[in-house]
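# Structural overview for review
For reference, the chains in residue letters:
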Amino acid sequence: MSKGFDDIPFFDEEPAPRKPAPAANGIAARAMAARDNAKRPDYLSGLNPEQTEAVETLEGPVLVLAGAGTGKTRVLTTRIAHILSTGRAFPSQILAVTFTNKAAREMKERIGVLVGHAVEGMPWLGTFHSIGVKLLRRHAELVGLRSDFTILDTDDVVRLIKQLIQAEGLDDKRWPAKQFAGMIDTWKNKGLDPSQIPEGDARAFANGKGRELYAAYQNRLLTLNACDFGDLLLHPIRMFRANPDVLREYHDKFRYILVDEYQDTNTAQYMWLRLLAQRPQGKSWSQRNPSPTPPHKGEGQVRAADSRSPSQSSEEQASNLDDRNAAARQDSPSPLWGGVGEGKSQGAGDRKPTVNICCVGDDDQSIYGWRGAEVDNILRFEKDFPGAKVIKLERNYRSTEHILGAAAHLIAHNEGRLGKTLFTERTNPDDEKVHVHAAWDSEEEARAIGEEIEQLQRQKHNLNDIAILVRASFQMREFEDRFVTLGLNYRVIGGPRFYERLEIRDAMAYFRLVCQPADDLAFERIVNTPKRGLGDTTVRTLHDYARARDIPMLAAATEIIETDELKPKARKALFDVVTDFRRWQTLLETTPHTELAEQILDESGYTAMWQADKSAEAPGRLENLKELIRSMEAFESMRGFLEHVALVMDAEQNEDMDAVSIMTLHSAKGLEFDTVFLPGWEEGLFPHQRALDEGGRAGLEEERRLAYVGITRAKRRCHIWFVSNRRIHGLWQSTMPSRFLDELPIDHVEVAEQDVSYGGYGRGGYGQSGFDKADPFENSYQTPGWKRAQQHRSEATRDNWGTRSGHAVERIGYGESGPRTRMIEGELVAKSTTSEPSRFNIGDRVFHLKFGNGNIAAIEGNKLTINFDRAGQKRVLEGFVERV
DNA sequence: TAACTCAACATTTTT
DNA sequence: TGTTGAGTTA
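Residues numbered from 1 in each chain as written. Chains lettered and ligands numbered in written order. Predicted model: local features only at pLDDT ≥ 70, side-chain atom pairs only at ≥ 80, totals over all residues. Heavy atoms only, no water.

What follows is about the overall build of chain A. Scanning chain A from N- to C-terminus turns up 31 helices and 21 strands. Expressed as a percentage of the 884 residues in chain A, the buried residues total 58%. Long-range pairs, those at least 24 residues apart, make up 78% of the contacts in chain A between residues at least 6 apart in sequence. When the accessible area of chain A is evaluated, it comes to approximately 35900 Å², of which 49% is carbon and sulfur surface. (Helix = DSSP H or I, 4+ residues; strand = E, 2+ residues; numbered from the N terminus. Buried < 20%, exposed > 50% of the residue type's maximum accessible area, 1.4 Å probe, protein only. Contact = heavy atoms within 4.5 Å. Areas by Shrake-Rupley, 256 points an atom, 1.4 Å probe, with all protein chains shown as cover.)

Okay, structure coming up:
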């Protein structure tokens, strides 16, 4: 996530680089064709034998076990390029799933480079979630949604659940909404709907009402026409199960399925993949006859960019493929040629195309078990897909022998792995061993690492090539402080996100409500922001009414302002809100969306609210709002923008600045650096006590994998640190070195000799650290002080968007957000006042909570005109009166 | 409704 | 320790 708002990213996937496509029949093109017929395509050169095999084994299920730094992404992208350029499938027939937007983006770019043209025709390359959205928008009605459904983020979800808990009459302190949101998330990761959750789970929450609450939540989402993240996976699964015909459509469509980071798939994702990958016949993969059908037309705009004849596949494949496949090639489509027109798919019909699934992953890098990832998915692959080909990539191109040796020895302590051993062919006697350093305390640790970095800097190393990878984010602070003092540029990766900022979420709520009038959460968020005198009471009234009538709150507001239900002041205020939104909705079609966005923020008084705010962070917030509008420019419409934000919460990093990266081990996965510092290798912190307590042996193994990930991020230098004293929650605790240190192989490790001694600290303060004692860590498992004793470092504080870069300490005022303004939305539900009124007649005697008794004088739809005994004649909604 | 006090709590995080 | 959220007070 980025620093300084100058480089706040534009959010969408940037258009893939466009290169002029050679004229299909030009001379150059012919020459290229000739060349390509004569030898292997360029993109295949430079692959090692295993990689080549992984790229060329196109038929049947393939599992690529790709160790760290073995060219995993390259294999995936080349494989896709290979499929495309040999004409085996149209871009639109390839389903390629990643976990992060970043990975998806990178893959798109790299395929573009390989294939030599923009990959616009790859509509199904994306994250599980973005593909899920795409499916859902097409088939929303099959799961009870409309296609313009909203995607709620965690914050919305929590607020919603809180409402539900209160509506149930439960104490929302005893039963925190956040916790329940977490439970729902866990269930959804496992693909469980309310009826399927374990009885124990159901009973554990809300006095045993867990299941009901979950069900109520799902209902509420449907009413709101909204989805949470989990639903983006679960709804498609439900839809496919309930509609085999639709599923079949996608079976016919997707000829190739590729999955990145397979070790991170959770059960729901696994189910999703199975549905798409497995044919109803239930034959084994190898038996299936692949005879490609002409691709559905109209799925991808394919550019003629390559003059190779796709139907003449490169010869090298012939050696790899069996007859059926050879036959298949004969009538392969020629996607890169074809200027395939748009049109509706005409049945792939009787001939079933093979779907070939290729999963790439590394069981040793599975570090998201706590988030529902099932390593088991990867361990079980061969059983799930009989006849699967398993290809191991063990040739490492990233790290030195020592680094690999250390990592390998460490990870070998895990059981239940598929077992790979990385090796490198580059050996260099000058390579540094992995260094292990001890420091007296965390301050010294930070100081010493700062020293080392300055040293590297003097040796002309780029700061960009240096990273500090910590186990827990509270560790970052010490480094930040130190680097600010030193004037060392750094960037923190991970942490608070742009879109999670208060002002951004408010603004987004306005936009959401304009685009999606049924978005009650958005409505409640902004109805009284800025303050309009529409407080709890008003909103509660509205809420009850809306719930009773089963209509959105904005609609309820529209009705209610026709009546005397509200006090004149509130009524007027609400009237204004409703009118504003009506107007904006009209403008949605006609006004450019950035202009409209600005207009909304101005006319609603939202901008003015911050302008009037005298607090320190107000200017930063206004700046953020400007940035928000600027970032909308990259999108075609407001809707497009909203969708993007919902799915892509992250933002681009400023890569221009030379800075040390500080991040957690988790967010370092997939990255590499010349020099990596790994501080905090102490029992209790790493492995984390909580992982041990909650995960037992499995937890320990996951921690070890995390250590493995950390070490393997390093290309040339890896420095591990531990301290003897660490401050936790303000209290100093003495600590034991991590057991992982002991699991490093001595021949690849160098224990640093007292290399630090700063102003009286350090000097052997750690004693021998137990590092070379006989059995130093014998009892290190229990470190009671650690339990629940972790310093909390709130994300909101660390201002990740402003860069505190040393020399020019440009701390940009991106909301160092003081205490967040309190949300009142949570409180709104309370009890439902409405008893369903039946039909009234003129003359009926009725009672109204506010106005007392009266007689109905007139009826107009659901609005009643009543002559109250005391209050006189009023117009009220029928939901608010009852017969007496 | 803003400003205050007090108590609870404190891995890892994508989408 | 330092942050957050809730409840209280002016």
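What follows covers the pattern of salt bridges. Scanning the entire structure with this criterion turns up 58 salt bridges. Measuring nitrogen to oxygen at the nearest pair gives 2.6 Å for the salt bridge that ties glutamate 503 to arginine 621. One end of the pair, glutamate 503, is in helix 20 (residues 502-515); the other, arginine 621, is in helix 27 (residues 618-632), with 118 residues separating them in the sequence. Looking at glutamate 503, the relative accessible area reads 0%, which means it is buried. Residue classification places arginine 621 among the buried residues on the basis of a relative accessible area of 3%. Between glutamate 743 and arginine 704 there is a salt bridge, with its nearest N and O atoms 2.7 Å apart. Placement of glutamate 743 in the loop between helix 31 (739-742) and strand 16 (749-751) and of arginine 704 in helix 30 (residues 689-712) is noted, with a sequence separation of 39 residues between them. For glutamate 743, a relative accessible area of 10% gives the class buried. Because the salt bridges share partners, they merge into one network encompassing Asp153, Asp155, Asp156, Arg159, Arg505, Asp506, Arg512, Asp519 and Arg525. (Salt bridge = Lys/Arg side-chain N within 4 Å of Asp/Glu carboxyl O.)

The subject of this paragraph is the packing of helix 20 against helix 27. Two measures define how a pair of helices packs: the angle their axes make with one another and the distance between the axes. Contact pair helix 20 / helix 27: the axes reach a minimum separation of 9 Å and the direction vectors enclose 45°. Accordingly, the angle class assigned to the pair helix 20 and helix 27 is oblique. Between helix 20 and helix 27 the crossing geometry is right-handed. Here Leu502, Glu503, Ile504, Ala507, Met508 and Phe511 of helix 20 come into contact with helix 27, specifically with Arg621, Asn624, Leu625, Leu628 and Met632. Classifying every residue of the contact of helix 20 with helix 27 gives eight nonpolar, one polar and two charged. (Axes fitted to C-alpha atoms, helices over the stretch in contact; angles between N-to-C directions. Parallel < 35°, antiparallel > 145°, perpendicular 65-115°, else oblique. Left-handed = near helix turned anticlockwise from the far one by under 90°. Nonpolar A, V, L, I, M, F, W, Y, C, P; charged D, E, K, R; others polar.)

Moving on, we come to the protein's contact with DNA strand B. DNA strand B sits among 27 residues. The nearest are Asn101, Arg471, Ser473, Arg497 and Thr664. Counting only the atoms of DNA strand B that lie within 4 Å of the protein, the sugar and phosphate share comes to 48%. The separation between a phosphate oxygen of DNA strand B and a polar main-chain atom of asparagine 101 is 2.8 Å. In the model, a base oxygen of DNA strand B is placed 2.7 Å from a nitrogen or oxygen of the arginine 471 side chain. Contributing elements (two or more residues each) for the surface near DNA strand B: helix 29 (665-668) and helix 30. For the surface near DNA strand B, the leading source of residues is helix 30, giving four residues. Residues that form the surface near DNA strand B fall into these classes: six nonpolar, 14 polar and seven charged. (Near = heavy atom within 4 Å. Polar contact = N/O pair within 3.5 Å; in protein donor to acceptor, adjacent residues only side chain to side chain.)

As a further point, take unusual backbone geometry. The omega angle of the peptide bond from threonine 529 to proline 530 is 0°, so this bond is cis rather than trans. The amide bond that connects phenylalanine 686 to the next residue, proline 687, takes the cis arrangement and shows omega of 5°. On the secondary structure map, proline 687 appears in the loop between strand 13 (673-678) and helix 30.

What follows is about helix 17 (residues 401-411). Note that an α-helix has 3.6 residues per turn; residues three or four places apart therefore point the same way. With eight of its eleven residues buried, helix 17 lies for the most part within the structure. Within the span of helix 17, buried status applies to His402, Ile403, Leu404, Gly405, Ala406, Ala407, Leu410 and Ile411.

Turning our attention to the packing of aromatic side chains. Inspection of every chain in the model, using the stated rule, returns 24 aromatic pairs. Measuring from ring centre to ring centre gives 4.8 Å for phenylalanine 381 and phenylalanine 385, while their planes differ by 40°; the resulting arrangement is tilted. Neither residue differs from the other here; phenylalanine 381 and phenylalanine 385 are each classed as buried. Members of the aromatic cluster, connected to one another through ring pairs, are Trp175, Phe180, Trp187, Phe205 and Tyr214. A cation sits over an aromatic face here: arginine 371 above tyrosine 368, 3.9 Å from the ring centre. Looking at arginine 371, its charged tip hangs above the ring of tryptophan 370, at a distance of 5.9 Å from the centre. (Phe/Tyr/Trp six-rings, centres within 6.5 Å; stacked < 30°, edge-to-face > 60°. Lys NZ or Arg CZ within 6 Å of the ring centre and 35° of its normal.)

Another aspect to go through is the environment of glutamate 478. Tracing the backbone through its elements, the reader meets glutamate 478 in helix 19 (residues 476-486). Residue classification places glutamate 478 among the partly exposed positions, given a relative accessible area of 22%. In this view, glutamate 478 contacts Ser442, Glu443 and Ala446; residues no more than four positions away in its chain are not counted. At 3.1 Å, the side chain of glutamate 478 and the side chain of serine 442 are in polar contact.

This part covers the confidence of the model for chain A. When the pLDDT values of chain A are averaged, the result is 76; 76% of them are 70 or greater. Contacts for the low-pLDDT stretch residues 282-353, under 50 throughout, to residues beyond four places or in other chains number 152 contacts. This stretch, residues 755-837, has a pLDDT under 50; its non-local contacts, to residues over four places away or in other chains, come to 197 contacts. (pLDDT = per-residue confidence, 0-100.)

Further remarks concern the packing of helix 5 (residues 128-139) against helix 10 (residues 229-242). Between helix 5 and helix 10, the shortest axis-to-axis distance is 8 Å and the interhelical angle comes to 50°. By the angle between their axes, helix 5 is oblique relative to helix 10. Here the hand of the crossing between helix 5 and helix 10 comes out left-handed. Contacts between helix 5 and helix 10 involve Phe128, His129, Gly132, Val133, Leu135, Leu136 and His139 from the first element and Phe229, Asp231, Leu232, Leu233, His235, Pro236, Met239 and Phe240 from the second.

Within the secondary structure layout, arginine 540 lies in helix 22 (residues 536-549). On the basis of relative accessibility, which here comes to 25%, the residue arginine 540 falls in the partly exposed class. The spatial distance from the C-alpha of arginine 540 to the C-alpha of glutamate 860 is 24 Å, given a sequence separation of 320 residues.

Moving on, we get to the domain arrangement of chain A. Partitioning chain A into domains gives domain 1 (3-39), domain 2 (49-138 + 254-363 + 375-393), domain 3 (150-224), domain 4 (401-497 + 653-760), domain 5 (499-643) and domain 6 (845-883). Both faces combined, the contact of domain 3 with domain 5 buries some 1100 Å², and carbon together with sulfur accounts for 40% of it. It is Thr150, Arg159 and Leu224 in domain 3 that bury the most area against domain 5; as a group they hold 39% of the surface buried on that side. Here domain 3 and domain 5 share six salt bridges between them. With a closest N to O distance of 3.3 Å, arginine 505 and aspartate 156 form a salt bridge. For the pair domain 3 and domain 5, the interface holds six residue pairs in polar contact (both at pLDDT 80 or more). Among the elements of the structure, strand 4 (150-151), helix 6 (154-167) and helix 9 (210-223) are those that each provide at least two residues to the side of domain 3 that touches domain 5. Looking at the side of domain 3 that touches domain 5 element by element, the count peaks at five residues for helix 6. Here the residues of the side of domain 3 that touches domain 5 are counted per class, giving four nonpolar, three polar and five charged. (Domains from an automatic or database assignment. Buried area = accessible area lost by both parts, 1.4 Å probe.)

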